[in-house]
Amino acid sequence: MYSVVVEHIYLLVIVTLISVLQNAFFALKVEKEGNSKNIPTSVFERVRCANRNCMDAYPTFLAVMWCAGLCLNQAPAAFAGIIYLVVRQKYFVGYMGQTSQSTPGYMFGKRVLFFLFSMCIVGIFNYLLVHYYGSDYKEYVETITGAASALLLIP
Amino acid sequence: MYSVVVEHIYLLVIVTLISVLQNAFFALKVEKEGNSKNIPTSVFERVRCANRNCMDAYPTFLAVMWCAGLCLNQAPAAFAGIIYLVVRQKYFVGYMGQTSQSTPGYMFGKRVLFFLFSMCIVGIFNYLLVHYYGSDYKEYVETITGAASALLLIP
Amino acid sequence: MYSVVVEHIYLLVIVTLISVLQNAFFALKVEKEGNSKNIPTSVFERVRCANRNCMDAYPTFLAVMWCAGLCLNQAPAAFAGIIYLVVRQKYFVGYMGQTSQSTPGYMFGKRVLFFLFSMCIVGIFNYLLVHYYGSDYKEYVETITGAASALLLIP
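If you're wondering where the values come from, they're calculated on a predicted model, not measured in any experiment.

Calculation rules
- Residues numbered from 1 in each chain as written.
- Chains lettered and ligands numbered in written order.
- Predicted model: local features only at pLDDT ≥ 70, side-chain atom pairs only at ≥ 80, totals over all residues.
- Heavy atoms only, no water.
- Helix = DSSP H or I, 4+ residues; strand = E, 2+ residues; numbered from the N terminus.
- Contact = heavy atoms within 4.5 Å.
- Areas by Shrake-Rupley, 256 points an atom, 1.4 Å probe, with all protein chains shown as cover.
- UniProt positions renumbered as here; feature names shortened; annotations may be inferred.
- Buried area = accessible area lost by both parts, 1.4 Å probe.
- Salt bridge = Lys/Arg side-chain N within 4 Å of Asp/Glu carboxyl O.
- Nonpolar A, V, L, I, M, F, W, Y, C, P; charged D, E, K, R; others polar.
- Polar contact = N/O pair within 3.5 Å; in protein donor to acceptor, adjacent residues only side chain to side chain.
- Least-squares fit on C-alpha atoms with pLDDT ≥ 70 in both.
- Expected span 1.5 Å × (residues − 1).
- Bend = angle between axes of the 7 residues up to and from the residue.
- Buried < 20%, exposed > 50% of the residue type's maximum accessible area, 1.4 Å probe, protein only.
- Axes fitted to C-alpha atoms, helices over the stretch in contact; angles between N-to-C directions.
- Parallel < 35°, antiparallel > 145°, perpendicular 65-115°, else oblique.
- Core = buried A, V, L, I, M, F, W, Y, C linked by side-chain atoms within 4.5 Å.
- Phe/Tyr/Trp six-rings, centres within 6.5 Å; stacked < 30°, edge-to-face > 60°.
- Patch = residues over 30% accessible without salt bridge, like charges linked within 9 Å, V, L, I, M, F, W, Y side chains within 5 Å.

Structural notes on the overall build of chain A
Here is step 1 of the chain: Summing up its helical and strand segments, chain A has five helices and zero strands in all.
Here is step 2 of the chain: Counting only contacts in chain A whose residues sit at least 6 apart along the sequence, the fraction spanning at least 24 positions is 78%.
Here is step 3 of the chain: Counting only carbon and sulfur atoms, one obtains 67% of the accessible surface of chain A, whose full area is about 7,400 Å².

As structure tokens, then:
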């Protein structure tokens, strides 16, 4: 039973593990800044704030990615998850930048989350269609989703 | 294999998606208040604090709802999840109210979380009974749970 | 279908429920300190900060524990989860201690999280081996993991 389950989620697990590594990197940054005595407080505040914003959005991201992966297909969901992690890394680094007036906003990765959100809706819609009408569009939908996920690379 | 899984979780996925939408609404509120220059700081602080409190409780809520839905039955769990989201919306709006002395406390939705928590315990207990004694009370339990979830509507 | 699923996750669900209870305990502490008027602000700040740090790490912990439990075996994952909760309780209590210079750092439970992380990687690696080569090391791995989880008890 296990290998059946793992077969359908292992890409999601890998992306989750990478995100955990990134969380650990962020937390180490915060701990390092908090321990060093001779840095200005504003830097610590900024790192802490960037970490907070990332952590605030983390459960939302995990929930949407896993729902999208379970409802439709894991490959595009994991790909979008990787993109999200790259965006988050950029956000975190950008937040720590020297020019304090150019701090990015509170939210980031809206497009990726929106894509994953649409994947969930399409997956549920497809399930309901199959359940009540018996026609299965899943293969077409998966092909389209796989193609659409490449669009996320466009900056 | 997918449609079997999706059949048992699609209501939970829908509630999760609604909660994600609500999170996005909260985050947009925070971003809007943070960007506007001519508002007093206290309003921004209040919105930020309300958002923090909601985000603090969010992983707990997700974990309990999914466990309850997986262990027992998805319909009452999803219904309780909807109630929780309504309570959270009220909490957020009430936190932003003008009268600062009437700010609600740190916790909210205790009753809903307690209900979901009981569902998990009943589900596990039922599984252990079935596993060791072979009698299956699941149908009775599900009927009772479905009826009990209506009690959450009583204010 | 349900009892098959519940059979493989019920220990994880139990640990999740215990962690939810602990979250509620932390939140009650914060609410109690926030409501009482005659305590110094520093105590409230410290409780709030301890709660924040715990909540920041909570989704990461949940994700890693569930991935480890799903990919490899639930028993060692649940055992490591229990250890993590004990460490977290110690951290929270230690954070509220009187001697403010001995506040623990931002991170805690690194060893447990690292163990769960390794479990995930071993599980996925094992799945890929089985998938491409057809040999199944899962039983050996599970035995070794069960033995290794006892090492977490060494302080």
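Here's the deal with the UniProt feature "transmembrane region" (unreviewed entry) in chain A
Here is step 1 of the chain: Residues annotated in UniProt with the feature "transmembrane region" (unreviewed entry) correspond here to residues 9-28, 61-87 and 108-130 of chain A.
Here is step 2 of the chain: In residues 108-130 of chain A, the share of helix is 91% and the share of strand is 0%. The end C-alpha atoms are 35 Å apart.

Section: the interface of chain B and chain A
Here is step 1 of the chain: Contact residues are listed per partner, giving 26 residues for chain B and 28 residues for chain A.
Here is step 2 of the chain: When the two sides are added together, the surface that chain B and chain A hide from each other amounts to roughly 2,400 Å², 74% of it contributed by carbon and sulfur.
Here is step 3 of the chain: Our enumeration of links across chain B and chain A arrives at two salt bridges.
Here is step 4 of the chain: E31 of chain B is the salt-bridge partner of K110 of chain A, the closest N and O atoms lying 4.0 Å from each other.
Here is step 5 of the chain: Elements represented by at least two residues in the side of chain B that touches chain A include exactly α1 (2-35) and α2 (41-71) of chain B.
Here is step 6 of the chain: In the side of chain B that touches chain A, the residues fall into 18 nonpolar, four polar and four charged.

A closer look at the interface of chain C and chain A
Here is step 1 of the chain: Listed by partner, the interface residues are 28 residues for chain C and 26 residues for chain A.
Here is step 2 of the chain: Buried surface at the junction of chain C and chain A, both sides included, amounts to about 2,400 Å², of which 74% is carbon and sulfur.
Here is step 3 of the chain: Put simply, R52 of chain A and D56 of chain C hold a salt bridge, and the shortest N to O gap is 3.5 Å.
Here is step 4 of the chain: Here chain C and chain A share two residue pairs in polar contact (both at pLDDT 80 or more) between them.
Here is step 5 of the chain: At the level of secondary structure, the elements contributing two or more residues to the side of chain C that touches chain A comprise α1 (2-35), α2 (41-71) and α4 (110-133) of chain C.
Here is step 6 of the chain: Among the elements that line the side of chain C that touches chain A, the one with the most residues is α2 of chain C, at twelve residues.
Here is step 7 of the chain: Here the side of chain C that touches chain A is built from residues that sort into 17 nonpolar, seven polar and four charged.

Details of the relation of the copies chain C and chain A
Here is step 1 of the chain: The two copies are related by a screw motion: chain C maps onto chain A through a turn of 120° and a shift of 0.0 Å along the axis, at an RMSD of 0.0 Å. Look at the turn and shift together and you get a three-fold axis relating the two. Relative to the rotation axis, the closest C-alpha in chain C is found at P59 of chain C, a distance of 3.6 Å.
Here is step 2 of the chain: Of all interface residues in chain C, a mere 7% are interface residues in chain A too; the two copies therefore contact each other through different surfaces.

Focus: α2 of chain B
Residues lying three or four places apart along an α-helix face the same way, a consequence of the helix completing one turn every 3.6 residues.
Here is step 1 of the chain: Over its 31 residues, α2 of chain B runs 45 Å from end to end, which matches the ideal 45 Å to within 8%, given 1.5 Å per residue.
Here is step 2 of the chain: Of all the bends in α2 of chain B, the greatest, near 35°, is centred on Y58 of chain B, and the proline P59 of chain B appears no more than four residues after it.

Structural notes on the side chain of N23 of chain A
Here is step 1 of the chain: Position of N23 of chain A relative to the elements: it lies in helix α1 (residues 2-35).
Here is step 2 of the chain: The residues touching N23 of chain A, leaving out its near neighbours within four places in the chain, are M55, Y58 and R88 of chain A together with T60 of chain C.

Side note on the relation of the copies chain B and chain A
Here is step 1 of the chain: Rotating chain B by 120° and moving it 0.0 Å along the rotation axis overlays it on chain A with an RMSD of 0.0 Å.
Here is step 2 of the chain: By residue overlap, the copies meet through two different surfaces: only 8% of the interface positions of chain B are interface positions in chain A.

Re α4 of chain C
All names here are of chain C.
Here is step 1 of the chain: With 24 residues, α4 ought to run about 34 Å at 1.5 Å a step, and its terminal C-alpha atoms sit 34 Å apart, in line with that.
Here is step 2 of the chain: Regarding α4, the residues found buried are V112, L113, F115, L116, F117, M119, C120, G123, I124, N126 and Y127.
Here is step 3 of the chain: Just beyond α4, the residue with positive phi is G134, at close to 85°.

Comments concerning the packing of helix α4 (residues 110-133) of chain B against helix α5 (residues 138-150) of chain B
Residue and element names in this part refer to chain B.
Here is step 1 of the chain: The interhelical angle for the contact between α4 and α5, taken along N-to-C directions, is 175°, at an axis separation of 11 Å. Judged on the interaxial angle alone, α5 and α4 are roughly antiparallel. In this structure, α4 contributes F115, M119, V122 and N126 to the contact, and α5 contributes K138, V141, T145, A148 and S149.
Here is step 2 of the chain: Here the contact of α4 with α5 is built from residues that sort into five nonpolar, three polar and one charged.

As for the nonpolar core
Here is step 1 of the chain: Core analysis: the biggest nonpolar cluster contains 132 residues, and L116 of chain A, L116 of chain B together with L116 of chain C have the highest contact counts within it.
Here is step 2 of the chain: If you tally residues by element for this core, the top one is α2 of chain C, at 15 residues.
Here is step 3 of the chain: Every residue in contact with L116 of chain A, bar those within four places of it in the chain, is listed here: F61, V64, M65, A68, A77 and A80 of chain A.

Structural notes on the packing of aromatic side chains
Residues and elements named next belong to chain A.
Here is step 1 of the chain: Enumeration over the complete set of coordinates arrives at 15 aromatic pairs over all chains.
Here is step 2 of the chain: Ring centres of F61 and Y84 lie 4.1 Å apart, and the angle between their planes is 15°; on these two criteria the pair is classed as stacked. Here F61 is found in helix α2 (residues 41-71), whereas its partner Y84 is found in helix α3 (residues 74-95), with 23 residues between them in sequence. With respect to burial, F61 and Y84 carry one shared label: buried.
Here is step 3 of the chain: In textbook terms, an aromatic cluster arises when at least three aromatic residues are bridged by ring pairs, as seen for F25, F26 and F92.

Some remarks on a nonpolar patch on the surface
Here is step 1 of the chain: On the surface, I14, I18, I82 and V86 of chain A cluster together to form a nonpolar patch covering roughly 280 Å² of accessible area.
Here is step 2 of the chain: Mapping V86 of chain A onto the fold places it in helix α3.

Points about the environment of E139 of chain A
Here is step 1 of the chain: Residue placement: E139 of chain A occurs in helix α5 (residues 138-150).
Here is step 2 of the chain: Taking the C-alpha atoms as reference points, E139 of chain A and F114 of chain A, separated by 25 residues in sequence, lie 21 Å from one another.

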